[in-house]
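# Chain and residue survey
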Amino acid sequence: MTSTLPSLGFVLVFLLFSVLFFYNSYRLWFKTDTYYQDIYNSPTGQPFLTPRGASKVAATPPLPSGEGVFGTSAVLRVDI
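Quick caveat: nothing in here was measured; it's all calculated off a predicted structure. Numbering of residues starts from 1 in every chain and runs along the sequence as written. It should be noted that, the model being predicted, local features are given only for residues of pLDDT at least 70 and side-chain atom pairs only at 80 or more, the latter also being counted only at that level, while totals for whole chains, interfaces and linings use all residues. Calculation of side-chain values draws on the structure's entire complement of heavy atoms; hydrogens and water are dropped beforehand.

### Focus on a nonpolar patch on the surface
The patches reported here contain residues having more than 30% relative accessible area and no salt bridge. Joining distances are 9 Å for like charges and 5 Å for nonpolar side chains (Val, Leu, Ile, Met, Phe, Trp, Tyr). All accessible-area figures derive from a Shrake-Rupley calculation using a 1.4 Å probe, and residue coverage is judged against the displayed protein chains alone. One side-chain nitrogen of Lys or Arg within 4 Å of one carboxyl oxygen of Asp or Glu is enough to make a salt bridge. A surface patch of nonpolar side chains, about 620 Å² in accessible area, is lined by L8, F10, V11, L12, F14 and L15. Under the DSSP-based scheme used, a helix requires at least four consecutive residues in state H or I and a strand at least two consecutive residues in state E, with every element numbered from the N terminus. Along the polypeptide, V11 turns up in helix α1 (residues 8-30). Working definition: with a 1.4 Å probe on protein chains only, accessible area under 20% of the residue-type maximum means buried, over 50% means exposed, and in between means partly exposed. Assessed through its relative accessible area of 30%, V11 is described here as partly exposed.

Put into structure tokens, the structure is as follows:
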């Protein structure tokens, strides 16, 4: 039997994003006030990793993205 191991680059990138996720989750759940104060005081006013279309003040509700429409239609096709 041959064992296939993931590449070192993949493991390092996975660990980096895991640390970022847990760090931001910790700050969001346990340090909410300072988390949002840091975002407010930052030069861009946005978190380090923001979802597309996110802003501090949304003037209009965002339109459905192509991925959202595709995902919804895929779920409906499977359910029906």
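And the narrative resumes.
### Topic: the confidence of the model for the protein
Taken over all residues, the pLDDT of the protein has a mean of 74, while the share at 70 or more is 64%. As a per-residue measure, pLDDT tells how confident the predictor is, with possible values from 0 to 100. For the protein, per-element mean pLDDT is lowest for helix α3 (residues 66-79), which scores 71, and highest for α1, which scores 90.

### What about the packing of α1 against helix α2 (residues 32-41)?
For helices, the fitted line uses only the C-alpha atoms of the stretch in contact; every axis is such a line through C-alpha atoms, and the angle between N-to-C directions lies from 0 to 180 degrees. In the contact formed by α1 and α2, the axes pass within 5 Å of each other and the chain directions differ by 115°. What the angle tells us is that α1 and α2 run roughly perpendicular. Across the interface between the two elements, N24, R27, L28, W29 and F30 from α1 touch T32, T34, Y35, Y36 and D38 from α2. Three residue categories are used. Nonpolar comprises Ala, Val, Leu, Ile, Met, Phe, Trp, Tyr, Cys and Pro, charged comprises Asp, Glu, Lys and Arg, and polar comprises the others, including Gly. A class-by-class count of the residues in the contact of α1 with α2 yields 5 nonpolar, 3 polar and 2 charged. By the definition adopted for this analysis, an angle is roughly parallel if under 35 degrees, roughly antiparallel if over 145, roughly perpendicular if from 65 to 115, and oblique otherwise. Working rule for contacts: check all heavy atoms of both residues, and any pair within 4.5 Å makes them a contact.

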